[in-house]
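Listed below are the residues making up each chain.
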Amino acid sequence: MLKYLEGHICLVTGSSRGIGAQIARSVAAAGARTVINYFSSEQKAMQLLAELTEQGYQVMAVQADVSQSHEVEDMFTRIEAKWGSVDLLVNNAGISLKRLVTETREEEWQQVMDINLKSAFLCCRRALPAMVRNRYGRIINIASIWGLRGASCESVYAASKGGLIAFSRSLAAEMGPSGINVNVVAPGPVETDMLIQELDNDERAVLSEDIPLGRLASPDDVASACLFLLSPAASYINGQVLGLDGGWKV
Ligand code: NAP
């Protein structure tokens, strides 16, 4: 693979497993010094760290709950002490919630908003001053097509992702003059723990048949889109929402 991210420092939040882990593999292979962030899956994060280190890539792993500002601060301080400032940021950490609105507790609303939306605000706010100083930065926020279209029984999750899209578009306008691109990748269903938790094998098979490309997305499909948006080829792409749903319409 071409090492076109050599010289860059990339933080991928929530990269112990699933989509984030695959994004970390891709950016590390493209030459970026890569930060794996995890919350509870320490063993998986350590396995990924070992896998990528063995391949000769520059990787570090940092435990942090990205919905907590002091933990975000500590994470960035550790990265800066080891390597320097983050110039590629992928806000990927997220949780789902499948619940009727009438059965959703206030704390559940808050938790989804904190992990899916506030975390991106906290990480962007911490990363931006150095990006502005260097007049360079790329930010990708991982939303969901539910953030564009909404989904029954996922109103709170969809609201968090819709908020993330509005935040990203606004930030793209605010930060473009400083040489910073902000874009969104909005996947449809992706084969990870998150989806397996919600849909059994039969339900996933039925869903695949509905998708024009005849399959669910893989984490690698999302990672490829991110790699493109982080690459020099995407330097004029800003404030965009890339739907990644195999042509699926609901
Ligand atoms: P996943 O397999 O459930 O993995 C979620 C990741 O987020 C894990 O690495 C987890 O870390 C991390 N995380 C959760 N809470 C965190 C916190 N407070 N601080 C730091 N990290 C935290 O989910 P996924 O399917 O890969 O989803 C990744 C992103 O894609 C999410 O934003 C999700 O909403 C979005 N997405 C997924 C799908 C889908 O169908 N899978 C579709 C559209 C969008 P630990 O395990 O270490 O706790």
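Residues numbered from 1 in each chain as written. Predicted model: local features only at pLDDT ≥ 70, side-chain atom pairs only at ≥ 80, totals over all residues. Heavy atoms only, no water.

1. Let's talk about the overall build of the protein
Turning to step 1, where the next piece is worked out: The secondary structure content of the protein amounts to nine helices and seven strands.
Turning to step 2, where the next piece is worked out: For 250 residues, the compact-globule estimate of 2.2 N^0.38 gives 18 Å, and the C-alpha radius of gyration of the protein, at 17 Å, lies within 12% of that figure.
Turning to step 3, where the next piece is worked out: Its C-alpha atoms give the protein principal-axis dimensions of about 45 × 35 × 35 Å.
Turning to step 4, where the next piece is worked out: Each of the 250 residues in the protein was classed as buried or not, and the buried ones make up 52%.
Turning to step 5, where the next piece is worked out: The long-range share in the protein, meaning contacts at least 24 apart out of those at least 6 apart in sequence, stands at 75%.
Turning to step 6, where the next piece is worked out: Across the protein, the 22 positively charged side chains and the 28 negatively charged ones have centroids separated by 7 Å. (Helix = DSSP H or I, 4+ residues; strand = E, 2+ residues; numbered from the N terminus. Rg over C-alpha atoms; globule rule 2.2 N^0.38 Å. Buried < 20%, exposed > 50% of the residue type's maximum accessible area, 1.4 Å probe, protein only. Contact = heavy atoms within 4.5 Å. Lys, Arg positive; Asp, Glu negative; His and termini not counted. Charge placed at Lys NZ, Arg CZ, Asp CG, Glu CD.)

2. Focus on the sheet that holds strand β6 (residues 180-187)
Turning to step 1, where the next piece is worked out: Strand order across the open sheet formed by seven strands is β3-β2-β1-β4-β5-β6-β7, with parallel pairing between neighbours. Either end of the sheet is taken by a strand with one partner, and the two such strands are β3 (59-63) and β7 (241-244). This sheet shows a mean twist of 15° between the axes of neighbouring strands, independent of strand direction.
Turning to step 2, where the next piece is worked out: For strand β2 (residues 33-38) and β3, the ladder comprises five bridges, and the chain directions are parallel. Considered in β3, the bridge of Val35 is made with Met60.
Turning to step 3, where the next piece is worked out: Along the sheet, helix α9 (residues 219-230) contacts β4 (88-91), β5 (137-142), β6 and β7; its crossing angle with β5, the most-contacted strand, is approximately 155°. (Pairing = 2+ DSSP bridges. Axes fitted to C-alpha atoms, helices over the stretch in contact; angles between N-to-C directions.)

3. Examining the environment of Gln240
Turning to step 1, where the next piece is worked out: Along the chain, Gln240 turns up in the loop between α9 and β7.
Turning to step 2, where the next piece is worked out: For Gln240, a relative accessible area of 45% corresponds to the partly exposed category.
Turning to step 3, where the next piece is worked out: Ignoring any residue separated from it by four or fewer positions in sequence, one finds Gln240 in contact with Val182, Asn183 and Val184.

4. So, helix α2 (residues 42-54)
Helical geometry note: an α-helix holds 3.6 residues per turn, so side chains three or four residues apart project in the same direction.
Turning to step 1, where the next piece is worked out: Helix length check: α2 (13 residues) gives 18 Å between terminal C-alpha atoms against 18 Å at 1.5 Å per residue, within 8%.
Turning to step 2, where the next piece is worked out: Taken together, the buried positions of α2 are occupied by Ala45, Leu48 and Leu52. On an axial view of α2, the arc spanned by its buried residues comes to 65°, and they lie on one face. For α2, the exposed residues lying more than 90 degrees away from the buried face are Gln43 and Glu54.
Turning to step 3, where the next piece is worked out: Each element contacted by the buried residues of α2 is listed here: α1 (18-29), β2 and β3.
Turning to step 4, where the next piece is worked out: Positive backbone phi, approximately 90°, marks Gly56, located one or two places after α2. (Expected span 1.5 Å × (residues − 1). Arc of directions from axis to C-beta.)

5. Some thoughts on the environment of Cys226
Turning to step 1, where the next piece is worked out: Within the secondary structure, Cys226 sits in helix α9.
Turning to step 2, where the next piece is worked out: Residue Cys226 is classed as buried on the basis of its relative accessible area of 0%.
Turning to step 3, where the next piece is worked out: Along the chain, Cys226 and Tyr136 lie 90 residues apart, while their C-alpha atoms are 17 Å from each other.
Turning to step 4, where the next piece is worked out: When sequence neighbours within four positions are dropped, the list of residues in contact with Cys226 reads Ile23, Ile140, Ile142 and Val185.

6. A look at the site of the ligand
Turning to step 1, where the next piece is worked out: Taken together, the neighbourhood of the ligand is formed by 31 residues, with Arg17, Ser40, Ser41, Tyr157 and Thr192 sitting nearest.
Turning to step 2, where the next piece is worked out: The backbone of Val190 places a nitrogen or oxygen atom 2.8 Å from an oxygen atom of the ligand.
Turning to step 3, where the next piece is worked out: Considered on its own, the ligand offers 900 Å² of accessible surface; in the complex 96% of this is hidden by protein.
Turning to step 4, where the next piece is worked out: Among the secondary structure elements, those contributing two or more residues to the shell around the ligand are α1, β2, α6 (155-175) and α7 (193-198).
Turning to step 5, where the next piece is worked out: Top contributing element to the shell around the ligand by residue count: α7, with three residues.
Turning to step 6, where the next piece is worked out: When grouped by side-chain class, the residues that make up the shell around the ligand number 15 nonpolar, 12 polar and four charged. (Near = heavy atom within 4 Å. Polar contact = N/O pair within 3.5 Å; in protein donor to acceptor, adjacent residues only side chain to side chain. Areas by Shrake-Rupley, 256 points an atom, 1.4 Å probe, with all protein chains shown as cover. Nonpolar A, V, L, I, M, F, W, Y, C, P; charged D, E, K, R; others polar.)

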